[in-house]
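# Summary of the model geometry
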Amino acid sequence: KVMGLDMYLYKKTFLYTGEWVREDKRCEVTVTEGGEPHPFINPKKIEYIVEEVGYWRKANQIHQWFVEKVQKGEDNCKEYSVDYEQLRDLLNACEDVLDDHSKAEQLLPRSSGFFFGSTDYDDYYFDQVQNTYDILMSIVSAGDADTQEYIYQSSW
């Protein structure tokens, strides 16, 4: 693995799989490996599906936003729950920066760190802000974002 700041946003969806759930609301999951049922997973015991809904590489301005707004200043590669309002706040910050580049340093400042990438406000910076905007718009437009659990995690 190449060293550097990798960042992930996951969506965790609870599945109603129990016998106690009304049949019209009950979920069923099938996990296969090579076309056969996975040998170590019992589909009746699956409670959550976790999907990667966002990925960034060396987008230190976005990472810094999560550290400050979600992780209470702790930059430690742990998983952090992100609520819908926080996702909306980041979406709004991205939109403001894309509309007016002069707001970049104030709203989404760069940060430096071990293999965190550039600290310039250049094309790569704005491409990453656009990428973040696109990721968050797809989450918000799905219509279920306020009922899902989101998790942010970084690694380097």
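Structural notes, computed from the coordinates. (Residues numbered from 1 in each chain as written. Predicted model: local features only at pLDDT ≥ 70, side-chain atom pairs only at ≥ 80, totals over all residues. Heavy atoms only, no water.)

Okay, the pairing of strand E6 (residues 149–155) next. With five of its seven residues buried, E6 lies for the most part within the structure. Of the pairings in the sheet, the one linking strand E1 (residues 6–14) to E6 comprises seven bridges and is antiparallel in character. Each bridged residue has a counterpart across the sheet, and for Met-7 the counterpart in E6 is Ser-154. Inspection of the sheet shows strand E5 (residues 80–82) paired to E6 by three bridges, in the antiparallel sense. (Buried < 20%, exposed > 50% of the residue type's maximum accessible area, 1.4 Å probe, protein only. Helix = DSSP H or I, 4+ residues; strand = E, 2+ residues; numbered from the N terminus. Pairing = 2+ DSSP bridges.)

Moving on, we get to a nonpolar patch on the surface. Where nonpolar side chains cluster on the molecular surface, the patch consists of Phe-14, Tyr-16, Trp-20, Tyr-48 and Val-50 and spans about 560 Å² of accessible area. Here Val-50 is to be found in strand E4 (residues 48–57). (Patch = residues over 30% accessible without salt bridge, like charges linked within 9 Å, V, L, I, M, F, W, Y side chains within 5 Å. Areas by Shrake-Rupley, 256 points an atom, 1.4 Å probe, with all protein chains shown as cover. Salt bridge = Lys/Arg side-chain N within 4 Å of Asp/Glu carboxyl O.)

Attention now goes to the side chain of Arg-110. Considering the arrangement of structural elements, one finds Arg-110 in the loop between helix H3 (104–107) and helix H4 (123–141). A distance of 3.3 Å separates a polar atom in the side chain of Arg-110 from a polar atom in the side chain of Asn-60. Setting aside residues no more than four positions away along its own chain, Arg-110 makes contact with Lys-58, Asn-60, Gln-61, Ser-118, Thr-119, Asp-120, Tyr-121, Asp-122, Tyr-124 and Tyr-125. (Polar contact = N/O pair within 3.5 Å; in protein donor to acceptor, adjacent residues only side chain to side chain. Contact = heavy atoms within 4.5 Å.)

Time to look at the nonpolar core. Leu-9, Trp-56, Ile-62, Phe-66 and Leu-108 are the most contacted members of the largest nonpolar core, which has 30 residues in total. Elements with a contribution of two residues or more to this core: E1, helix H1 (60–69), E5, helix H2 (84–99), H4 and E6. The element contributing the most residues to this core is H4, with seven residues. Those residues within four positions of Trp-56 in sequence are excluded, and the remaining contacts are Leu-5, Asp-6, Met-7, Tyr-8, Leu-9, Ile-62, Phe-66, Gln-128, Asn-131, Thr-132, Ile-135 and Tyr-152. (Core = buried A, V, L, I, M, F, W, Y, C linked by side-chain atoms within 4.5 Å.)

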